[in-house]
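Descriptive analysis of the structure
Okay, here's what each chain looks like letter by letter:
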Amino acid sequence: MQKLMLVICAVAGLATYATLAISAEDLAAAVKERRHLMKDIVGPAAKLGNQMVKGDVPFDAVKAAKAMNDINGVPDKYVTLFPKGTEKGAVPDSAAKPAIWEDFDKFKATAAKLKDASAKAAGAAAQGKDAFTVAFSDMTKVCKECHESFREKEEK
Amino acid sequence: MRRALLALLALVLAGAILFYVLTVPVTLPASALPAHTPDLANGEYMFTAGGCAECHAAPAKKCDDKKTQDKTVLAGGRCLKTPYGVFHVPNISPDKETGIGNWTTLDFVTAIKRGVAPDGEHLYPAFPYPSYQRMTYEDLIDLKAYLDTLPAVKNEVPEHEIRFPFNIRRALGLWQKLYVDGKGFTADPKASAELNRGAYLVQGPGHCGECHSPRNLLGGIIASEAFAGARNPEGKGRIPNITPSDDGIGDWSKADIVDLLETGNLPDGDVVGGTMAAVQDNMAKLTDEDRKAIAAYLKALPPLPDAVPKPEKTKDEDEKHTAPAGEGGNGEQEHDTPE
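I will try to describe carefully the structure that is included in this document. (Residues numbered from 1 in each chain as written. Chains lettered and ligands numbered in written order. Predicted model: local features only at pLDDT ≥ 70, side-chain atom pairs only at ≥ 80, totals over all residues.)

1. Some points on the pairing of strand 1 (residues 79-82) of chain B
All names here are of chain B. As paired strands, strand 1 and strand 2 (residues 85-88) are joined by four bridges and run antiparallel to one another. Across the sheet, residue threonine 82 finds its bridge partner in strand 2, namely glycine 85. Hairpin remark: strand 1 followed by strand 2, antiparallel, with two residues in the connecting loop. (Pairing = 2+ DSSP bridges. Helix = DSSP H or I, 4+ residues; strand = E, 2+ residues; numbered from the N terminus.)

This is the structure we're talking about:
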């Protein structure tokens, strides 16, 4: 009987370990992927939107909508890339504040706001530059809100 | 032997007297204040431009929380962790016991223009009076009148915890001899009204140089390298160079600067973060003319290379990024980071 208990415990323990254990490589890959999404997709799209709003680049409804749709595709995936143990300091290049895990629902809610705001900005592009300018500015407020609460970047 | 001892004693005494004389707090005479009817709206504007709340408003939760409870509740209590020790930001609400409710306008202006409290105590320049001293008397009178309208909060803030020798407040008198003259902003008669307004906002209330300019060993700003970037005074990393050079904002247009100040958006698609996020919130509340004036002034600064070189690590990373890919590696490409 005792032996059986031991075996059960061992098996249960092993199973727990297997589900919980995320290797260091997985953590690094998660950080790399989220940086990729921000640096290569969101960043350039936001840059283009900003340039159109400022008039540095002529406003183009199709390109503006595409850029906003690019951003729209990110948040759902993005929030899945924050396994515990990927805060700043734990993994190189991470800029994630521990606040993310203290209130993960809030973090997810802010990401959902980005999805919503980017969809609105994409829709506003068809209505012309003025409408796009307002919607774009509403969206970047979400960027700022999220970064202020959840990103700890070293000032460079 | 006895003579030598006497001579030494005399020298020490002379030194002590000299220290005493040189560190006597400099105060302002009542006659320094012009006759001026306070303009509360301008006082509030200066409060915003000066970012008073970012230090003096009670922090949200922990004492080093960047967020504040309410920008008009200036109960103090924020802690600033610096290489000199921990500063506990004072209560400047109009509470008579624990705030500055008993200060006269002259007391207030003296604190800002000379870094001296009403009891004659020297104030630490963590309070950025080396910048604020450039503000006009009128703006300061307005600011004091505005502060008087804010809620009085009883909150005793702990004493600063500063290391030796920086804990000798009296010695700050010497430092002030070097960096504080109480002179107001001097407009450049050859520059436009816009440039002068920008210079005033940046050098005076905005106190931009307190973070963006490098400091010498004494903690004084190196004037010849003003705005060329600096070490982060509150932690790791660097504060960016904001002169119009390749290292700084040479490739930013004035519109880029105005946009950053108004919306927080950076030209590269990122948004402003860290301490600057709170500063930007204030800049967004200024008039568009003032943001344009700040941009015009920054673009007219002498272009300077970074005062603090980029860390070696970043250089290595850059090399890694620009190295030809695909030479027997795993085929995975590095992502190009636009930093």
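From this point, the discussion proceeds with the structure in view.
2. A short note on the sheet that holds strand 2 of chain B
Two orientations exist for strands paired in a sheet by backbone hydrogen bonds: parallel and antiparallel. The three strands are arranged 1-2-3 (chain B) in an open sheet whose pairing can be described as antiparallel. This sheet does not close on itself; its edge strands, each paired only once, are strand 1 and strand 3 (161-162) of chain B.

3. Things to note about the packing of helix 8 (residues 193-203) of chain B against helix 12 (residues 288-299) of chain B
Residues and elements named next belong to chain B. Between helix 8 and helix 12, whose axes approach to 7 Å, the crossing angle comes to 90 degrees. Taken together, the axes of helix 8 and helix 12 are roughly perpendicular relative to one another. Where helix 8 abuts helix 12, its residues Glu194, Leu195, Arg197, Gly198, Ala199, Leu201 and Val202 lie against Asp290, Lys292, Ala293, Ile294, Ala296 and Tyr297. (Axes fitted to C-alpha atoms, helices over the stretch in contact; angles between N-to-C directions. Parallel < 35°, antiparallel > 145°, perpendicular 65-115°, else oblique. Contact = placed C-beta atoms within 7 Å.)

4. Some words on the interface of chain B and chain A
With 21 residues of chain B at the interface, the matching set in chain A holds 21 residues. Broken down by element, the side of chain B that touches chain A gets its largest block of residues, three residues, from helix 10 (residues 254-263) of chain B. Looking at side-chain class alone, the side of chain B that touches chain A contains six nonpolar, ten polar and five charged residues. (Nonpolar A, V, L, I, M, F, W, Y, C, P; charged D, E, K, R; others polar.)

5. With respect to the pairing of strand 2 of chain B
Sheet analysis places strand 2 of chain B next to strand 3 of chain B, joined by two bridges and oriented antiparallel. Residue glycine 85 of chain B lies in a different strand from strand 3 of chain B, and its bridge partner there is isoleucine 162 of chain B.

6. Overview of the nonpolar core
Ranked by internal contacts, the top residues of the largest apolar core, which has 90 residues, are Ala121 of chain A together with Ile112 and Ile294 of chain B. By size, the runner-up hydrophobic cluster in this structure holds five residues, among which are Cys55, Phe87, Tyr124 and Leu172 of chain B. (Core = buried A, V, L, I, M, F, W, Y, C linked by C-beta atoms within 7 Å. Buried ≥ 20, exposed ≤ 12 C-beta atoms within 10 Å, placed from the backbone.)

7. Thoughts on helix 7 (residues 129-150) of chain A
With 22 residues, helix 7 of chain A should cover 32 Å at 1.5 Å per step; its first-to-last C-alpha distance of 31 Å lies within 8% of that length. All of the buried residues along helix 7 of chain A are Phe132, Ala135, Phe136, Met139, Thr140, Val142, Cys143, Cys146, His147 and Phe150 of chain A. Down the axis of helix 7 of chain A, the smallest arc covering the buried residues is 145 degrees, so these residues share one side. Buried-residue contacts for helix 7 of chain A involve helix 2 (24-54), helix 3 (61-72), helix 5 (99-102) and helix 6 (104-125) of chain A together with helix 10 of chain B. (Expected span 1.5 Å × (residues − 1). Arc of directions from axis to C-beta.)

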